Amino acid sequence: MNLFEPTHLIIVAVIVLLLFGGEKLPELMRNVGKGVGELKKGIEDGKRQLAGALEEHRAEEIKFVPPKDTIQREEPEEHRPAEDAHSTESHGTGS
């Protein structure tokens, strides 16, 4: 069952006609049309602002990426070479 079947639209149109009358119906539809137009403008404006913000973010992200040869990686402690215990002891005393 589709929400916008022709019979449903006819029923809604009759109810609107009864509620607002034939005289106010053109004004009502004009205002609805203006509202839909404003909604579309707002959606397009939001899309443009979002696209601009994403582009700005990408530009900043690209700007701050350092070259690969300047990246210094720290090795985990288990892979670092251990200090030689004998060399530090012999330098500590003068005998």
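Whatever comes next refers back to the structure up there.
Residues numbered from 1 in each chain as written. Predicted model: local features only at pLDDT ≥ 70, side-chain atom pairs only at ≥ 80, totals over all residues. Heavy atoms only, no water.

**Here's the deal with the overall build of the protein chain**
Assigned secondary structure in the protein chain consists of two helices and zero strands. For the protein chain, the residues scored as buried account for 0% of the 95 residues in total. Within the structure as shown, the protein chain displays about 9,400 Å² of accessible surface, and the carbon and sulfur contribution to it stands at 60%. (Helix = DSSP H or I, 4+ residues; strand = E, 2+ residues; numbered from the N terminus. Buried < 20%, exposed > 50% of the residue type's maximum accessible area, 1.4 Å probe, protein only. Areas by Shrake-Rupley, 256 points an atom, 1.4 Å probe, with all protein chains shown as cover.)

**Examining a nonpolar patch on the surface**
A surface patch of nonpolar side chains, about 410 Å² in accessible area, is lined by Ile11, Ile15, Leu19 and Phe20. By secondary structure assignment, the location of Ile15 is in helix H1 (residues 6-63). (Patch = residues over 30% accessible without salt bridge, like charges linked within 9 Å, V, L, I, M, F, W, Y side chains within 5 Å. Salt bridge = Lys/Arg side-chain N within 4 Å of Asp/Glu carboxyl O.)

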